Amino acid sequence: MNPVVLITGASRGIGRETARLFAGKGYRVAINYLHSADQAHALAQELQERGCHVMAVSADVRKPEAVAAMVESVRQTLGPIDVLVNNAGTAQQKLFTDLTEADWDEMFAVHVKGTFFCCQAVLPRMIHQKAGCIVNVSSVWGLSGASCEVHYAAAKSAVIGMTRALARELGPSKIRVNCVAPGVIDTDMNAALDEETRACLREQTALEEIGTAEDVARTIYFLSSEESRFITGQVISPNGGFLI
Ligand code: NAP
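Each chain carries its own residue numbering, running from 1 in the written order of its sequence. Reporting in this predicted model follows two pLDDT cut-offs: at least 70 for local features of residues, and 80 or more for side-chain atom pairs to be given and counted; totals over whole chains, interfaces and linings ignore these cut-offs and use all residues. For side-chain calculations, the full set of non-hydrogen atoms in the structure is used, while hydrogens and water are omitted.

Structural notes on the pairing of strand β6 (residues 175–180)
- The element β6 is extensively covered by neighbouring structure, given that six of its six residues are classed as buried.
- Buried residues are those whose accessible area, probed at 1.4 Å on protein chains only, stays under 20% of the maximum for their type, while exposed residues exceed 50% and partly exposed ones sit between those limits. Going along the chain from the N terminus, every DSSP run of H or I of four or more residues is numbered as a helix, and every run of E of two or more is numbered as a strand. Here β6 shows no split at all, with I175, V177 and C179 on one side and R176, N178 and V180 on the other all buried.
- For β6 and strand β7 (residues 235–236), the ladder comprises two bridges, and the chain directions are parallel. Residue pairing across strands places V180 opposite I236, the latter belonging to β7. When DSSP finds two or more bridges between two strands, those strands count as paired.

This is the structure we're talking about:
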């Protein structure tokens, strides 16, 4: 049977392109979403019409019971999960001095706890099988820091720390854990940026480009494939030369 991938936050943006890429490679794909039900189901339909085995599955990654139910539902419908992509995320721009405790907790709930809950839910079976792959989506801001996004940058740095530590713990079980830290990518997350800001961000990359969701999807796929079998605990940053 073809392998199964669960991609969190796959209704839009990077997650959606990642779902398309994995489906095209023959994976059975679970498309997780929270609010964008129409978009998730439209994607599932598009991929089913191409002959792919996919399902759309709702769950808030901040809630452990919802995550456990999602993983069980995927297991029953598509089979046990071979690859987990922790991609769901939100962003917020605020001066550090204006951040509230609720802002801070929310950022860590989605990115850090969400990754923690999803990993915990899929790992017992992966450990039993002595096989599996986890790809966590961090951000270039988690590597470099970002002004007016301290809580986001801190949460994304925590995802990198989790990746490295988990890779060590799970290595003996032959489970690889890696991280993708995208640069600026053209998705809804950056839809509010004005043209001046976009031009400024482009100029900060060696390639003078803003990336696409497909650019990130390809890196995620690489880290899940046999091509990267000796790579674990690493961070790859598709960022067009934003950080060199
Ligand atoms: P996006 O287009 O805004 O999509 C975000 C996705 O996350 C949506 O599918 C959304 O689902 C889902 N999501 C948010 N909160 C969720 C929750 N609590 N439970 C389940 N799903 C949830 O963002 P994107 O640009 O594709 O970002 C994807 C990942 O890449 C994020 O982790 C982001 O931090 C990271 N990243 C993005 C960039 C960039 O420049 N775009 C750069 C570096 C890193 P619903 O719409 O269904 O609620």
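Let's talk about the site of the ligand
- What makes a residue near a molecule or strand is one non-hydrogen atom of that residue sitting within 4 Å of it. What surrounds the ligand is a group of 33 residues, the closest being S11, S36, Y152, T187 and N190.
- Between the ligand and V61 there is a distance of 3.1 Å, counted from a nitrogen atom to a backbone nitrogen or oxygen.
- Polar contact criterion, stated in full: a pair of N or O atoms within 3.5 Å, where within protein one must be able to donate a hydrogen and the other to accept it, and residues adjacent in sequence count only if both atoms are side-chain atoms. Between the ligand and T187, the relevant distance is 2.5 Å, taken from an oxygen atom to a side-chain nitrogen or oxygen of the residue.
- Areas reported as accessible are Shrake-Rupley estimates using a 1.4 Å probe. Residue values count occlusion only from the protein chains shown. Here the ligand has 910 Å² of accessible area as a free molecule, and 96% of this is covered by the chains.
- At the level of secondary structure, the elements contributing two or more residues to the shell around the ligand comprise α1 (13–24), β2 (28–33) and α6 (150–170).
- For the shell around the ligand, the per-class residue count stands at 13 nonpolar, 15 polar and five charged. In this classification, Asp, Glu, Lys and Arg are treated as charged, Ala, Val, Leu, Ile, Met, Phe, Trp, Tyr, Cys and Pro as nonpolar, and every other residue, Gly included, as polar.

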